[in-house]
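Architecture and fold: a report
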Amino acid sequence: MVTGKLVTTQWLAEHLDDPLVRIVEVDEDTEAYYRGHVPNAAAVNWTTDLQDPIRRDFVSADAFAALQDRLGITNSTTVILYGGNNNWFAAYAYWYYKVYGHDDVRIVDGGRKAWELEGRKLVTEAPVAAATSGYRAAQPDLSIRAFRDQVRADYVGNSAAAMVDVRSPEEYRGERLAPDHLPNEAAQRPGHIPGAVNIPWAKAVDPESGRFLAGDQLRSLYAGHGVTSERDIVAYCRIGERSAHTWFVLHELLGYPSVRNYDGSWTEWGSLVGVPIER
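Residues numbered from 1 in each chain as written. Predicted model: local features only at pLDDT ≥ 70, side-chain atom pairs only at ≥ 80, totals over all residues. Heavy atoms only, no water.

- The name recorded for the chain in an unreviewed UniProt entry is Sulfurtransferase, from Rhizocola hellebori.
- Reading the Catalytic activity (unreviewed entry) entry of the UniProt record for the chain gives the comment "thiosulfate + hydrogen cyanide = thiocyanate + sulfite + 2 H(+)". (UniProt positions renumbered as here; feature names shortened; annotations may be inferred.)

Put into structure tokens, the structure is as follows:
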């Protein structure tokens, strides 16, 4: 696997007070941080900090830069992300950082789960970090993001491309519109994009430790469904967060050169008029 994209819990423990490092927790459960977090970690709320409050889109470059200034992050800061549920939303935040061109951002392998399993310290007090100014977000890197018209034109029916639906098998088969705990994030129609293969996102991690599988195991997992490095790949889920995790595995860990995250995902595709759907 590509090195430098992950840090161990031990590395994190040794850098809790490193002034060149900023630790950030991002969770699906936005209250989890306040019940206990890694010392000196800041919280990012994915619903309010990473998403536009009006449009369905992620925050602008200016808003992303303002968030980094508030967190005390400069363009040269090493940003370390972690979260619960196999780093689900930590990977989503990682994708944002790469869209806006932050150079040094990494994920804690195993995330909150591994930290807790090892009995490491959790605190409830939030750190007081000096705000910075002047963070500059790059123009969005659209080579790692896919849009609906692009998916329809370039991926549906294209044998040289590969589409990965990372949702549950029940969602993929059209038996369920959304996970049970997220009933309000459903599309108008169930099913999947024609030609997509189903590789649930969490298969890329060890269920006991929450850590990513070894490189040869990951390559075997995806190659078994025809998803290999020479193909142009797009991943999607419901709103783009689970598929950001798969994007991280394929693009950042395995180094596959052409991988995009379709963050409109099924809530967009399954609500469009006239697009093809399979069940």
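That shown, we press on.
Points about the packing of aromatic side chains
- According to the stated counting rule, one finds 18 aromatic pairs in the structure shown.
- When the centroid spacing of 5.5 Å and the interplanar angle of 40° are considered together, the rings of phenylalanine 212 and phenylalanine 248 count as tilted. Linking phenylalanine 212 in the loop between strand 8 (197-198) and helix 7 (215-223) with phenylalanine 248 in helix 8 (residues 241-253), this pair joins segments that are 36 residues apart in sequence.
- Residue class for phenylalanine 212 comes out buried when judged on its relative accessible area of 8%.
- Members of the aromatic cluster, each reached through a chain of ring pairs, are Trp46, Phe58, Phe64, Trp88, Phe89, Tyr92, Trp95, Tyr96, Tyr97, Tyr100, Tyr135 and Trp201.
- Sitting above the plane of the tryptophan 115 ring, arginine 120 keeps its charged end 5.5 Å from the centroid. (Phe/Tyr/Trp six-rings, centres within 6.5 Å; stacked < 30°, edge-to-face > 60°. Helix = DSSP H or I, 4+ residues; strand = E, 2+ residues; numbered from the N terminus. Buried < 20%, exposed > 50% of the residue type's maximum accessible area, 1.4 Å probe, protein only. Lys NZ or Arg CZ within 6 Å of the ring centre and 35° of its normal.)

A word on the sheet that holds strand 10 (residues 259-262)
- Read from one edge to the other, the open sheet built from five strands follows the order 6-10-9-7-8, with strand pairing classed as parallel. Bordering the open sheet on either side are strand 6 (145-146) and strand 8, each of which pairs with just one other strand.
- In terms of strand pairing, strand 6 meets strand 10 through two bridges, oriented parallel. Looking across to strand 10, one finds that arginine 145 is bridged to asparagine 261.
- Lying over the sheet, helix 8 contacts strand 9 (232-236) and strand 10, oriented at roughly 175° with respect to strand 10. (Pairing = 2+ DSSP bridges. Contact = heavy atoms within 4.5 Å. Axes fitted to C-alpha atoms, helices over the stretch in contact; angles between N-to-C directions.)

Focus on the sheet that holds strand 5 (residues 105-108)
- The parallel open sheet is built from five strands, whose spatial order is 1-5-4-2-3. The open sheet terminates on both sides in strands that have one partner only, identified here as strand 1 (6-7) and strand 3 (41-43).
- One ladder, built from three bridges, connects strand 2 (residues 21-25) with strand 3; its direction is parallel. For isoleucine 23, the partnering residue across the bridge sits in strand 3 and is alanine 41.
- Across the sheet, helix 3 (residues 84-99) is in contact with strand 4 (78-82) and strand 5; its angle to strand 5 comes to roughly 175°.

Topic: the pattern of salt bridges
- Tallying each qualifying case throughout the model produces 20 salt bridges.
- Of the charged contacts in the structure, one is a salt bridge between aspartate 29 and arginine 35, with a shortest N-O distance of 2.5 Å.
- On the basis of relative accessibility, which here comes to 36%, the residue aspartate 29 falls in the partly exposed class.
- Linking arginine 148 and glutamate 268 is a salt bridge whose minimum nitrogen-to-oxygen distance equals 3.0 Å. Note that arginine 148 is positioned in helix 5 (residues 148-154) and glutamate 268 in helix 9 (residues 265-269), a separation of 120 residues in sequence. (Salt bridge = Lys/Arg side-chain N within 4 Å of Asp/Glu carboxyl O.)

Structural notes on helix 7
- Restricting attention to buried positions, one finds in helix 7 the residues Gly215, Leu218, Leu221 and Tyr222. Projection of helix 7 onto a plane perpendicular to its axis shows the buried side chains occupying an angular sector of 125°, all on one side. More than 90 degrees from the buried face of helix 7, the exposed residues found are Asp216 and Ser220.
- Packing partners of the buried residues in helix 7 comprise helix 8. (Arc of directions from axis to C-beta.)

Some thoughts on the nonpolar core
- Of all hydrophobic cores here, the largest spans 57 residues; its most connected members are Leu81, Trp95 and Tyr222.
- Counting residues per element, the ones that place at least two in this core are helix 2 (61-71), strand 4, helix 3, strand 5, strand 7 (161-165), helix 7, strand 9 and helix 8.
- Of the residues forming this core, the biggest block, eleven residues, is contributed by helix 3.
- Apart from the residues lying within four places of it in its own chain, the contact partners of tryptophan 95 are Phe58, Ile144, Arg145, Ala244, Trp247, Asn261 and Asp263.
- Listed in part, the 14 residues of the second largest apolar core include Val151, Met163, Ala187 and Tyr262. (Core = buried A, V, L, I, M, F, W, Y, C linked by side-chain atoms within 4.5 Å.)

Here we look at the UniProt feature "domain: Rhodanese" (unreviewed entry) in the chain
- UniProt's entry tags residues 17-124 and 157-278 with the feature "domain: Rhodanese" (unreviewed entry), counted in the numbering of this structure.
- The span residues 17-124 is 31% helical and 16% strand by assignment, and the distance between its end C-alpha atoms comes to 17 Å.

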